[in-house]
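Examining the three-dimensional arrangement
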Amino acid sequence: MAMQQSRKMGTYESECDEQDEVLTKRGSWTGRFDFLLSLLGYSVGLGNVWRFPYLCYNNGGGAFLIPFTIMLVIAGLPLMFMELSLAQYAGLGPAVLFRRFSPLFQGVGVGMVLIAGIVMLYYNVILAWTLFYMVASFEEPLPWKGCDHLWSSNNCYSYEEESRCVGLNGTYYMKKCHMNVNSIMNFTKLPKKPPAEDFFKNYLLRLSSGIETTGNISVTLALSLLGAWLIVFLCLCRGVKSSGKVVYFTALFPYVVLLMLFVRGITLPGSYNGIMFYLEPDWEKLKSAQIWGDAAVQIFFALSPAWGGLLTLASYNKFSNNCYRDAIIVAISNILTSFFAGFVIFSILGFLAHELDTEVGSVIDQGAGLAFVVFPEMVTKLQMPMFWSVLFFFMLLTLGLDSQFTLMETVVTGILDTFPKLRQWKMRVVFGVAVVGYIGGLVFITNSGMYWFQLVDKYAANWSVLLIAIIECILIAWIYGSARFISNIEEMIGKRSLFFKYFWTTAWKFVTPSTLLFILSFNWIQYKPVSYGKYVYPNWADLVGWFIGLLPMIIILVTALYKIVSDRSIQSPVQIIAKLLKPTAEWKPSKSPLYRFEYEGNGIEI
């Protein structure tokens with residue numbers, strides 16, 4: 001028996017020795033839950049906290065959960081499961097995977113890496129803002145409290161300062177308490193801005209008049225961005241071996257903070273009104289295309305397929321990992337986290353509306369406005385404001401870091417898979433990517449940085465990502481064959497039922513591509529040129545945005561044409577295309593399942 005095991009193990013080792021250069025010394029997750037938590041951290045990000053609650057409120061409250069769940073089942077989950085299975089089977093990141101899977105569409109993998117690289121540049125700027133706010137939260141009082149600051153505009157309006165002024169029988173106008181009413185008899189009514197908004201735009205961003213006015217690089221933000229990149233580098237310098245351990249904290253800690261904020265939020269006056277404002281269902285909205293479009297877009301970008309991140313994470317899995325189970329766990333966790341975050345945010349918004357004696361709808365915001373204006377304004381009205389501010393921004397930092405880890409790992413993996421000889425200098429490659437990322441991010445911390453941020457955010461990961469996802473469905477379900485792909489999945493996770501095969505075949509061939517076309521059409525119908533507040537971007541800026549957005553598709557088309565033209569075989573163009581659509585001889589499982597073995601209990605299971 002021992003000799004048989006030895007021979008089988010020897011066969012397995014020789015099989016591994018025959019693996020190609022790309023797979024050699026590629027590395028893998030070192031712990032059982034490393035991949036699952038990394039996947040959870042990547043999928044559950046800032047959008048769950050600062051975008052989903054707003055969409056839920058704006059699309060019929062609790063009624064929004066119905067289309068959101070449906071879109072999860074027919075679009076988000078099928079794409080996630082498809083990408084996880086594909087990368088785990090091949091053990092390759094997107095850059096090399098598509099070169100072997102379908103040479104004609106090698107550019108798909110390159111396009112994914114490019115999208116991840118562009119998003120990585122500006123995503124870390126959010127972490128820089130968060131890092132700055134977290135450090136600033138240790139000041140007493142909080143630096144954005146009140147209007148008595150050099151950066152405060154004349155529109156700055158502090159309810160506390162107004163209350164003190166009224167108590168002195170004065171009139172509060174343009175940041176000052178006027179005891180002589182005659183001096184402001186002819187005053188014009190000004191729009192009110194919370195002090196936190198002035199702090200964010202005038203002090204932190206030092207916002208210029210437009211994208212054409214670049215101004216200077218903010219030293220404060222330059223240091224914050226350097227700190228953010230340093231954190232990312234230290235966590236990724238050893239690849240998945242180091243990041244796989246960091247995510248045990250960064251993926252789970254946000255749930256602790258969300259729970260603490262929820263408990264604190266429901267004890268505040270006005271929180272019930274805020275939660276009811278969030279949940280109250282409007283069933284009539286289910287008849288509109290808007291709610292279905294918003295749900296589809298949100299679930300697609302929440303799970304982040306076609307960005308390359310899912311492929312990268314799964315490529316480091318063991319061949320026998322149950323990626324089907326992981327996909328379902330993460331997809332369900334995503335929707336539950338989003339829903340729970342809504343309770344947290346709206347209980348707090350209800351309190352803020354109560355304090356300001358206004359409607360909840362007038363204080364709600366999304367994105368950066370919620371994180372860096374509404375919440376900072378709210379914590380100034382709480383007991384222990386420093387504590388809650390530090391806690392909130394530390395939560396945002398950990399939420400963002402997980403996504404940033406995967407974005408950067410996608411770029412690094414793309415480089416190392418393409419040039420495997422660089423693996424011996426992996427730390428230098430990670431450092432080089434971090435340096436390039438820092439330099440590339442400097443444009444976002446100039447005085448016009450926020451305008452560039454909004455521009456790139458709108459175009460970088462939009463239409464190209466949707467088109468890439470559609471191409472993936474066609475390549476895998478139609479050209480490679482859904483039956484063949486499901487057979488590959490069964491090699492990894494064992495035989496499946498007939499229902500499993502029919503369900504996923506139908507999803508990948510018909511339902512998911514149709515849903516993606518709906519999302520794409522919805523985005524095009526809803527398209528509006530980028531804007532920031534009342535600022536309208538010049539035409540040249542929109543052209544730059546379109547170029548950034550279409551660049552991955554241009555790469556896919558140029559690469560496909562190059563492959564066809566450079567083919568030297570004596571075949572017709574149709575035959576060449578048909579050949580290039582099929583997998584190459586290098587396409588194979590990352591490990592042979594025949595000789596897979598595991599140490600369990602007191603013996604070896606072959």
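Here's a quick rundown of the structure.

So, the overall build of the protein chain
A count of helices and strands for the protein chain gives 24 helices and 6 strands. Its C-alpha atoms give the protein chain a radius of gyration of 26 Å, near enough to 25 Å, the size a compact globule of 606 residues would have. Viewed in the frame of its principal axes, the protein chain has a C-alpha envelope of about 100 × 55 × 50 Å. Across the protein chain, contacts joining residues at least 24 apart in sequence account for 82% of those joining residues at least 6 apart. Put simply, the protein chain has 45 plus and 40 minus side-chain charges, and the middle of one group is 6 Å from the middle of the other.

Comments concerning unusual backbone geometry
With omega at -5 degrees, the peptide bond leading from glutamate 140 into proline 141 counts as cis. Summarising the element assignment, proline 141 is placed in the loop between α7 (106-136) and α8 (159-167). Its identity as a non-glycine residue notwithstanding, arginine 206 has a phi of 50 degrees, on the positive side. Following the sequence through the fold, arginine 206 ends up in the loop between α9 (195-204) and α10 (219-236).

Comments concerning the environment of phenylalanine 138
As for its placement among the helices and strands, phenylalanine 138 is situated in the loop between α7 and α8. Considered as a pair, phenylalanine 138 and valine 390 are 252 residues apart in the sequence and their alpha carbons are 7.3 Å apart. In this structure, phenylalanine 138 is in contact with Met386 and Val390, ignoring residues within four places of it in sequence.

Description of helix α14 (residues 289-303)
Over its 15 residues, α14 runs 22 Å from end to end, which matches the ideal 21 Å to within 8%, given 1.5 Å per residue. α14 sits mainly inside the fold: 11 of its 15 residues count as buried. Regarding α14, the residues found buried are Ile291, Gly293, Asp294, Ala295, Ala296, Val297, Gln298, Ile299, Phe300, Ala302 and Leu303. Residue serine 304 follows α14 closely and has a positive phi angle near 55 degrees.

Some details on the nonpolar core
In terms of nonpolar packing, the biggest core is built from 203 residues, with Leu97, Trp129, Phe372 and Met408 touching the most fellow members. Per element, the largest residue contribution to this core is 19 residues, and it comes from α7. What tryptophan 129 contacts, discounting residues up to four positions off in sequence, is Phe200, Leu204, Leu205, Leu221, Ala368, Phe372, Met450 and Phe453. With 5 residues, the next largest nonpolar core counts Cys147, Cys156, Cys165 and Tyr172 among its residues.

Considerations on the pattern of salt bridges
Within this structure, the stated rule accounts for 10 salt bridges. For glutamate 490, the salt bridge goes to lysine 495, with nearest N and O atoms at 3.7 Å. With a relative accessible area of 13%, glutamate 490 lands in the buried category. Residue lysine 501 is joined to glutamate 490 by a salt bridge in which the shortest nitrogen-to-oxygen separation is 3.5 Å. Taken together, the positions of lysine 501 in helix α22 (residues 498-525) and glutamate 490 in helix α21 (residues 463-493) put the pair 11 residues apart, joining distant regions of the chain. Owing to a relative accessible area of 25%, lysine 501 belongs among the partly exposed residues under this scheme. Overlapping salt bridges bring together Glu490, Lys495 and Lys501 as one network.

Details of the side chain of serine 137
Relative to the helices and strands, serine 137 resides in the loop between α7 and α8. Beyond its immediate stretch of four places on either side in the chain, serine 137 contacts Leu142, Trp144, Met386, Ser389, Val390 and Phe393.

How each quantity is defined
- As a convention, each chain's residues are numbered from 1 in the sequence order in which they are written.
- This being a predicted model, a pLDDT of at least 70 is required before a residue's local features are given, and a value of 80 or more before pairs of side-chain atoms are given or counted; all residues contribute to the totals for chains, interfaces and linings.
- Hydrogens are left out, water is left out, and the side-chain values use all remaining heavy atoms of the structure.
- Strands here are runs of E lasting at least two residues and helices are runs of H or I lasting at least four, both read from the DSSP assignment and numbered beginning at the N terminus.
- Here the globule rule is a power law, 2.2 Å times the number of residues to the power 0.38, and the radius of gyration is based on C-alpha atoms.
- Contacts: residue pairs with any heavy atoms within 4.5 Å of one another.
- A residue counts as positive if it is Lys or Arg and as negative if it is Asp or Glu; His and the chain ends are not included.
- Taken as the charge centre is NZ of Lys, CZ of Arg, CG of Asp or CD of Glu, depending on the residue.
- One less than the residue count of a helix, multiplied by 1.5 Å, gives the span that helix is expected to have.
- Type-normalised accessible area, obtained with a 1.4 Å probe on protein chains alone, sets the label of each residue: buried when under 20%, exposed when over 50%, and partly exposed for intermediate values.
- Grouping buried Ala, Val, Leu, Ile, Met, Phe, Trp, Tyr and Cys residues that are joined through side-chain atoms within 4.5 Å yields what is termed a nonpolar core.
- Salt bridges are identified by distance alone: a Lys or Arg side-chain nitrogen within 4 Å of an Asp or Glu carboxyl oxygen.

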